[in-house]
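Next come the chains, spelled out residue by residue.
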Amino acid sequence: MKLADSIRAIPDYPKPGIVFRDITTLLGDARAFRRAVDELVQPFAGLKIAKIAGIEARGFILGGAVAHQLSAGFVPVRKKGKLPHETVSVTYELEYGTDEIEVHKDAVSPGERVLLVDDLIATGGTAEAAVNLLSRLGAEVVAACFIVDLPDLGGADRVRRLGVPVRTLVAFGGH
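Residues numbered from 1 in each chain as written. Predicted model: local features only at pLDDT ≥ 70, side-chain atom pairs only at ≥ 80, totals over all residues. Heavy atoms only, no water.

This part is about the packing of aromatic side chains. Under the definition given, this model contains two aromatic pairs. For the ring pair Tyr 13 and Phe 20, a centre distance of 5.3 Å and an interplane angle of 85 degrees mean the geometry is edge-to-face. Exposure remark for Phe 20: the relative accessible area of 26% places this residue in the partly exposed category. Judged by centre distance (6.0 Å) and plane angle (85 degrees), the ring pair of Phe 60 and Phe 74 falls under edge-to-face. Taken as a pair, Phe 60 in helix α3 (residues 58-70) and Phe 74 in strand β4 (residues 73-79) lie far apart in primary sequence, 14 residues in all. Taking relative accessible area as the criterion, Phe 74 reaches 32% and is therefore assigned partly exposed. The aromatic ring of Phe 172 is capped on one face by Arg 21, whose charged end is 4.0 Å from the ring centroid. (Phe/Tyr/Trp six-rings, centres within 6.5 Å; stacked < 30°, edge-to-face > 60°. Buried < 20%, exposed > 50% of the residue type's maximum accessible area, 1.4 Å probe, protein only. Helix = DSSP H or I, 4+ residues; strand = E, 2+ residues; numbered from the N terminus. Lys NZ or Arg CZ within 6 Å of the ring centre and 35° of its normal.)

As structure tokens, then:
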């Protein structure tokens, strides 16, 4: 089974010329979902990862499964205003404007080994912001993992330039 075959391509979404890579079909296929989680977890088994940080929203699904497999805690990285307790946030640039993500101030402790998880990396802006936010709290971001990489957009390289290794399972050229 090829994981790429379980990911639906939706042309011209969210705008003309973009091919959206929809992992909901992978999540709905028990074998593909299990394989993706196993492949994300495998390089990190036994490395004493304390927390998995999942980026809203599909990163919550994958991150929860990865956290369970690694016997780690889970940290939600959310859009601003969604967390109920004291938070720290970071603003980052989008193609047309800015956005902001946050975590609870007590989500990680200094020195904790954290693995960042999301479904897809494109330009890398959100992942870079998450790495910066977790690092600011004193976490050691061990790596960032994604099912899908869109290498033509350079996001994985952007995260690597922060000194964070990147693991992806499937790459699709184009946007």
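This paragraph deals with the UniProt feature "domain: Phosphoribosyltransferase" (unreviewed entry) in the protein chain. Here the UniProt feature "domain: Phosphoribosyltransferase" (unreviewed entry) sits at residues 32-151. The span residues 32-151 is 29% helical and 39% strand by assignment, and the distance between its end C-alpha atoms comes to 22 Å. (UniProt positions renumbered as here; feature names shortened; annotations may be inferred.)

Below, the discussion takes up the pairing of β4. Bridging between strand β3 (residues 51-55) and β4 involves five bridges; their strand directions are parallel. By the bridge assignment, Lys 51 is partnered in β4 with Gly 73. With α3 bridging β3 and its parallel neighbour β4, the resulting β-α-β unit is right-handed. In the sheet, β4 pairs with strand β6 (residues 97-104) via two bridges, with the strands oriented antiparallel. Within β6, the position partnered with Lys 79 by the bridge is Ile 101. (Pairing = 2+ DSSP bridges. Right-handed = clockwise from strand over helix to strand, strands pointing away.)

With that settled, consider the side chain of Asp 22. With respect to the secondary-structure elements, Asp 22 resides in strand β2 (residues 19-22). At a separation of 2.8 Å, a polar atom in the side chain of Asp 22 contacts the side chain of Thr 24. Once residues within four sequence positions are removed from consideration, Asp 22 is found in contact with Ile 7, Arg 8 and Ile 10. (Polar contact = N/O pair within 3.5 Å; in protein donor to acceptor, adjacent residues only side chain to side chain. Contact = heavy atoms within 4.5 Å.)

The subject of this paragraph is the nonpolar core. Counting residues in each nonpolar core, the largest one holds 30 residues, and the members touching the most others are Ile 7, Leu 26, Ile 52, Val 66, Leu 70, Leu 115 and Ile 147. Counting residues per element, the ones that place at least two in this core are α1 (24-28), α2 (30-41), α3, β7 (113-121), β8 (140-149) and β9 (166-171). Apart from the residues within four sequence positions on either side, Ile 147 is in contact with Ile 7, Ile 23, Leu 26, Ala 36, Leu 40, Leu 62, Asp 118, Asp 119, Thr 168, Leu 169 and Val 170. Membership of the second largest hydrophobic core comes to 29 residues, among which are Val 77, Val 90, Ile 121 and Val 159. (Core = buried A, V, L, I, M, F, W, Y, C linked by side-chain atoms within 4.5 Å.)

Before going further, it helps to examine the sheet that holds β4. Across the sheet, seven strands lie side by side as β5-β6-β4-β3-β7-β8-β9; this open sheet has mixed pairing. Each having just a single partner strand, β5 (87-94) and β9 make up the two edges of the open sheet. Taken over all neighbouring pairs, the strand axes of this sheet differ in orientation by 20 degrees on average, direction set aside. Taken strand by strand, α2 contacts β8 and β9, and its axis lies near 150 degrees from that of β9. On the sheet, helix α4 (residues 125-136) packs against β3, β4, β5, β6, β7 and β8 and is oriented at approximately 150 degrees with respect to β5. (Axes fitted to C-alpha atoms, helices over the stretch in contact; angles between N-to-C directions.)

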